[in-house]
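# Structural overview
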Amino acid sequence: MGDNLNFLAVEEVGRSTWWGVSLSHPIGEANPWVVVAQVSNALVLIYIGQTIARAMRKPAPIRNAALVVGGSWFLLIGIMLASAVLMTLGLPRPPLIAAPGFVIVLVATSYRLVSELVRSNRLAMQLQESELRRLRSEQEVATERACLAHLSRVTMLGELSGSLVHELNQPLAAILSNAQAAQRILRRDPSDLSEIPEILSDIIENDRRAGEVIGRMRGFLKKEAREHAPLAINEVVQDCMRLMRSELLDQRVAVCMNLTPGLPSCLGDRVQLQQVLLNLVMNACDAMQSSPGQRVVRVHTAPSEVGVLTEVADVGDGIPEAMLERIFAPFETTKATGMGLGLAVCRTIIQAHGGRIWAENDAPRGARVCFELPRQG
């Protein structure tokens, strides 16, 4: 290669003056390999130029980065190429060496890195604000959903108020009758207390029964955040049937419960699932109002692939085929006086439990609504 890539041999040192400053440069026999080096530099310049030209059609951040970084490298390599050519031809080299060019590249690249860092930090802050807004929006939606579910429960208990009053009147009337009987016994013969313990037991039992009815009503009406806990779906069904017993008697509706024993536990909110079942049973009763013959609601529970399946079926006129896909949408209803919110709330509750709910028509008549909940764990 000789003394270096530019010269096979350096014969002397020349002197030239630029802007009043004396500079030294080598003079000697040119190295033929310098052509390869400078052709490679020229190819690099062409590549950088093409990259800048392509970047001009890109968005502003990419275009600016290409102009600053690519332009600084283009300037550096161009200076090095011109300096090498002048040196090889024995002409005075300009008073520029590689070091200032690298400084330019370093400054330009640092500027772009800092700019990108500032922009990335700004984008990160915007994304954080956007995420906070999204979380706040989700919390507001969850709050509104909980309010809607609570309103639906209150409305449902309003519809059941007559049967609930009857459910409370029975134990209260029994308590009153037993207390009056005890008074008559004590007035007749204060020393005869043989029947008093039995009367007191009846009073305690009827008081406990009334307390259970009131407790179920209070739990159903409470508006508070609840955590999902392990529960047995059969117990939830039985609680709902106790709550609706008088209503079902008033509407002359028979209930056929087929509850499979030994079902796996589910994680859920007992009150919300009671709300779902009450809504489905009330809808089944409404669907049979104009049906001739015996009115029967069938409630069935069974294991499924993912957990537990619950079905509520009636022998009414069924659901119009056009409504089967839309029946769980808000404000979609088959009732003349319905608002179309009950099944929408049911779907929201079941989905919040990680399950699914759907409706089907039965043959030869009637319909059923099914929901599936995942097993615990």
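Whatever comes next refers back to the structure up there.
Predicted model, so just to flag it, every value in this text is computed and none were measured. (Residues numbered from 1 in each chain as written. Predicted model: local features only at pLDDT ≥ 70, side-chain atom pairs only at ≥ 80, totals over all residues. Heavy atoms only, no water.)

## What about the overall build of the chain?
What the chain contains, in helices and strands, is nine helices and nine strands. Relative to its 377 residues, the chain shows a buried fraction of 34%. For the chain, the share of sequence-separated contacts (at least 6 apart) that also reach a separation of at least 24 residues comes to 68%. Approximately 22,300 Å² of the chain is accessible, and the part contributed by carbon and sulfur atoms is 60%. (Helix = DSSP H or I, 4+ residues; strand = E, 2+ residues; numbered from the N terminus. Buried < 20%, exposed > 50% of the residue type's maximum accessible area, 1.4 Å probe, protein only. Contact = heavy atoms within 4.5 Å. Areas by Shrake-Rupley, 256 points an atom, 1.4 Å probe, with all protein chains shown as cover.)

## Things to note about helix α6 (residues 233–243)
Among the 11 residues of α6, eight are classified as buried, and the element is accordingly described as predominantly covered. For α6, the full list of buried residues reads I233, N234, V236, V237, D239, C240, M241 and L243.

## Some thoughts on the pairing of strand β7 (residues 307–313)
The element β7 is extensively covered by neighbouring structure, given that seven of its seven residues are classed as buried. As paired elements, strand β6 (residues 295–303) and β7 share six bridges and run antiparallel to each other. Considered in β7, the bridge of V299 is made with V312. Two successive antiparallel strands, β6 and β7, enclose a turn made up of three residues. Relative to strand β9 (residues 367–374), β7 is paired through seven bridges, and the arrangement is antiparallel. (Pairing = 2+ DSSP bridges.)

## A look at the sheet that holds β9
Strand order in the open sheet formed by five strands is β4-β6-β7-β9-β8, and the pairing between neighbours is mixed. On the outer flanks of this sheet lie β4 (253–259) and β8 (356–361), each paired with one strand and no other. Sheet twist, expressed as the mean angle between neighbouring strand axes with direction ignored, is 15°. (Axes fitted to C-alpha atoms, helices over the stretch in contact; angles between N-to-C directions.)

## Some words on a nonpolar patch on the surface
Together, V35, V39, L43 and I46 make up an exposed nonpolar region whose accessible area comes to about 370 Å². Checked against the element boundaries, I46 lands in helix α1 (residues 34–55). The class for I46 is partly exposed, based on a relative accessible area of 49%. (Patch = residues over 30% accessible without salt bridge, like charges linked within 9 Å, V, L, I, M, F, W, Y side chains within 5 Å. Salt bridge = Lys/Arg side-chain N within 4 Å of Asp/Glu carboxyl O.)

## Here we look at the nonpolar core
Formed by 43 residues in total, the largest nonpolar core has its most connected members in V297 and F371. Among the elements of the structure, α6, β4, α8 (270–287), β6, β7, α9 (342–352), β8 and β9 are those that each provide at least two residues to this core. Among the elements that take part in this core, α8 stands out by supplying nine residues, more than any other. With near-sequence residues (within four places) excluded, F371 lies in contact with I233, V276, L277, L280, V308, L309, T310, I350, R356, I357 and W358. (Core = buried A, V, L, I, M, F, W, Y, C linked by side-chain atoms within 4.5 Å.)

Fair warning: the whole summary comes from geometry, so function is off the table for now.
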